[in-house]
Amino acid sequence: MNTSITGRAIAGGILSLSTVNIRDFAEEKRKGRVDDYPYGGGAGMVMQAEPVYRAICAVKAERPAARVIYLDPQGKVFDQEMARELSREEDLIFLCGHYEGIDERVLEEAVTDHVSIGDYVLTGGELPAMVMMDTIARLVPGVLNNEDSSVLESFEDHLLEYPQYTRPEVWNGKAVPEILLSGHHANVEAWRRQQSIRRTLERRPDLLEKAELTKKDRQYLEELPEEKLANPEDIC
Ligand code: 4GX
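First, a word on what this report is: a plain description of the structure on this page. (Residues numbered from 1 in each chain as written. Predicted model: local features only at pLDDT ≥ 70, side-chain atom pairs only at ≥ 80, totals over all residues. Heavy atoms only, no water.)

### Some remarks on the overall build of the protein
So the rule is basically this: Elements are defined by DSSP. Helices are runs of H or I of four residues or more, strands are runs of E of two residues or more, and each kind is numbered from the N terminus. C-alpha atoms define the radius of gyration in this analysis, and the globule rule sets the expected value at 2.2 Å times the number of residues to the power 0.38. Accessible area is worked out with a 1.4 Å probe on protein chains only. A residue is then buried under 20% of its type maximum, exposed over 50%, and partly exposed in between. Here, two residues are considered to be in contact whenever any of their heavy atoms come within 4.5 Å of each other. Positive residues here are Lys and Arg, negative ones are Asp and Glu, while His and the chain termini are left out of the count. Where a charge lies is defined by one atom per residue type: Lys uses NZ, Arg uses CZ, Asp uses CG and Glu uses CD.
When helices and strands are counted, the protein shows 7 helices and 7 strands. Taken against the 2.2 N^0.38 rule, which gives 18 Å for 236 residues, the C-alpha radius of gyration of the protein at 24 Å runs more than 25% over that of a compact globule. Overall, the C-alpha framework of the protein stretches about 70 × 45 × 35 Å when taken along its three principal axes. In the protein, which comprises 236 residues, the share counted as buried stands at 36%. Looking at the protein alone, contacts between residues at least 24 apart form 68% of all its contacts between residues at least 6 apart. Measuring between centres, the 28 positive side-chain charges of the protein sit 2 Å from its 43 negative side-chain charges.

Spelled out as structure tokens, the structure:
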């Protein structure tokens, strides 16, 4: 988090980030151990309620209004819309579990949001928390400058981004699409829009349901499948 765009934002005081180690809130006699066997038996270990509770209380003493987000494969799946909503919060606490999870009672007591970053299982919540922090951070005003701006933001309009090209004009025998060199701004915009729509249809057709398409967009979209279906057999 201390490098690149988020690093610059932290150095500039736009964002701040701190961590607490739940082990530091372990009972004295357990010497930093915070896991124990699950009641009812079964494989693996469970994080105890009390150290987790103390850790959350210590953070909340400084940030009483903060939402407490538990990284949890059973949570609501994180997306750009949720990131936008969370970027409006002043403070966020990310609770990262390890092992088989955390004693349910402290979750009931302290967690405001259960969030999953996707349908796969990691060893702990730290990477999901970092994925969320990075995604949310770049939506906080002042974090991105003009150079890495997000005005024409992918996903916000439920379309994939158009392809990008930079110098040289010909690389490995491949030329940059001519329209991009034309200097005709309106034509470039129209071409990029079409590329976005084409890519979304080919790679993520599920996104198109939510996309807001103009009449022109729809017209282009309807012409696409015929063009695509006409080809595969002809190639060989
Ligand atoms: N999106 N993990 C949480 C501990 C755990 C185990 C069982 C509840 C039940 C994940 C994800 C994720 C790994 C974080 C297991 N918690 N978190 N951890 N996918 O896989 O958010």
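We are not done yet, so read on.
### Observations regarding the site of the ligand
Note the cut-off: If a single non-hydrogen atom of a residue is within 4 Å of a molecule or strand, that residue counts as near it. Under the rule applied, a polar contact is a pair of N or O atoms within 3.5 Å (in protein, one hydrogen donor and one hydrogen acceptor; residues adjacent in sequence only if both atoms are side-chain atoms). Every accessible area reported is derived by Shrake-Rupley at a probe size of 1.4 Å, with residue values counting cover from the shown protein chains alone.
Near the ligand lie 18 residues; those nearest to it are Y70, E100, I117, Y120 and L122. Here an oxygen atom of the ligand and a backbone polar atom of L122 are 2.9 Å apart. Isolated, the ligand exposes 460 Å² of accessible area, and the fraction of that covered by the protein chains is 90%. Of all the secondary-structure elements, those providing two or more residues to the shell around the ligand are β3 (67-77) and β5 (113-116).

### Let's talk about the sheet that holds strand β4 (residues 92-95)
Where we set the bar: Think of it this way: DSSP has to see at least two bridges between two strands before they count as a pair. Axes here refer to lines fitted to C-alpha atoms; in helices the fit is confined to the stretch in contact. Angles between the N-to-C directions go from 0 to 180 degrees.
Spatially, β4-β3-β5 is the arrangement adopted by the 3 strands of the open sheet, whose pairing is parallel. Here the strands that pair on one side only, and so sit at the sheet edges, are β4 and β5. Ignoring strand direction, the axes of neighbouring strands in this sheet form an average angle of 50°. Looking at chain direction, β3 and β4 are connected through 4 bridges and run parallel. Bridging from a neighbouring strand, V68 pairs with I93 of β4. Relative to β4, helix α2 (residues 49-62) is tilted by about 165°, and along the sheet it contacts β3 and β4. Contacts from helix α5 (residues 126-137) reach β3, β4 and β5, with the element oriented near 160° to β4.

### Examining the state of the cysteines
How we decide: Cysteine sulfurs are considered disulfide-paired once they come within 2.5 Å of each other.
Inspection of every chain in the model, using the stated rule, returns 0 disulfides. With no disulfide of its own, C57 has C96 as its nearest cysteine by sulfur position, at a separation of 17 Å. Residue C57 is classed as partly exposed on the basis of its relative accessible area of 35%. Among the residues examined, C96 registers a relative accessible area of 19% and is labelled buried.

### Quick notes on α5
Put simply, the rule is: Multiply 1.5 Å by the residue count of a helix minus one, and that product is the helix's expected span.
Counted at 1.5 Å a residue, the expected span for α5 with its 12 residues is 16 Å, and the 16 Å between its end C-alpha atoms agrees. Within α5 the residues assigned to the buried category are P128, A129, M132, M133, T135, I136 and A137. Check the buried side of α5 and you find it contacts α1 (4-11), β3, α3 (80-86), β4 and β5.

### A look at the nonpolar core
Heads up, the rule is: Among buried residues, the Ala, Val, Leu, Ile, Met, Phe, Trp, Tyr and Cys ones that are joined through side-chain atoms within 4.5 Å form a nonpolar core.
Ranked by internal contacts, the top residues of the largest apolar core, which has 19 residues, are I22, V52, L95 and I102. Every element with two or more residues in this core is listed here: α2, β3, β4 and α4 (104-110). For this core, the element with the highest residue contribution is α2, accounting for 4 residues. For I22, the residues in contact, after removing those within four places along its chain, are V34, M47, P51, V52, A55, L95 and C96. Of all hydrophobic cores here, the second largest spans 15 residues; its members include A83, L86, V115 and A129.

### Digging into the environment of M133
Relative to the helices and strands, M133 resides in helix α5. Residue class for M133 comes out buried when judged on its relative accessible area of 17%. Separated by 46 residues in sequence, M133 and S87 place their C-alpha atoms 9.3 Å apart. Contact partners of M133, with chain neighbours within four places excluded, come to M1, L17 and F94.

### Some words on the pattern of salt bridges
What counts, and what does not: Each salt bridge in this description consists of a side-chain nitrogen of Lys or Arg and a carboxyl oxygen of Asp or Glu lying within 4 Å of one another.
Summed over all chains, the structure comprises 14 salt bridges. A salt bridge links R63 to D91; its shortest N-O distance comes to 2.8 Å. With a gap of 28 residues between them, R63 in the loop between α2 and β3 and D91 in the loop between α3 and β4 connect regions that are remote in the sequence. The residue E89 makes a salt bridge to R67 at a minimum N-O spacing of 3.0 Å. In this pair, E89 is assigned in the loop between α3 and β4 and R67 in strand β3, connecting sequence segments 22 residues apart. What makes E89 partly exposed here is its relative accessible area of 30%. With a relative accessible area of 18%, R67 lands in the buried category.

Just distances and angles here, no functional claims.
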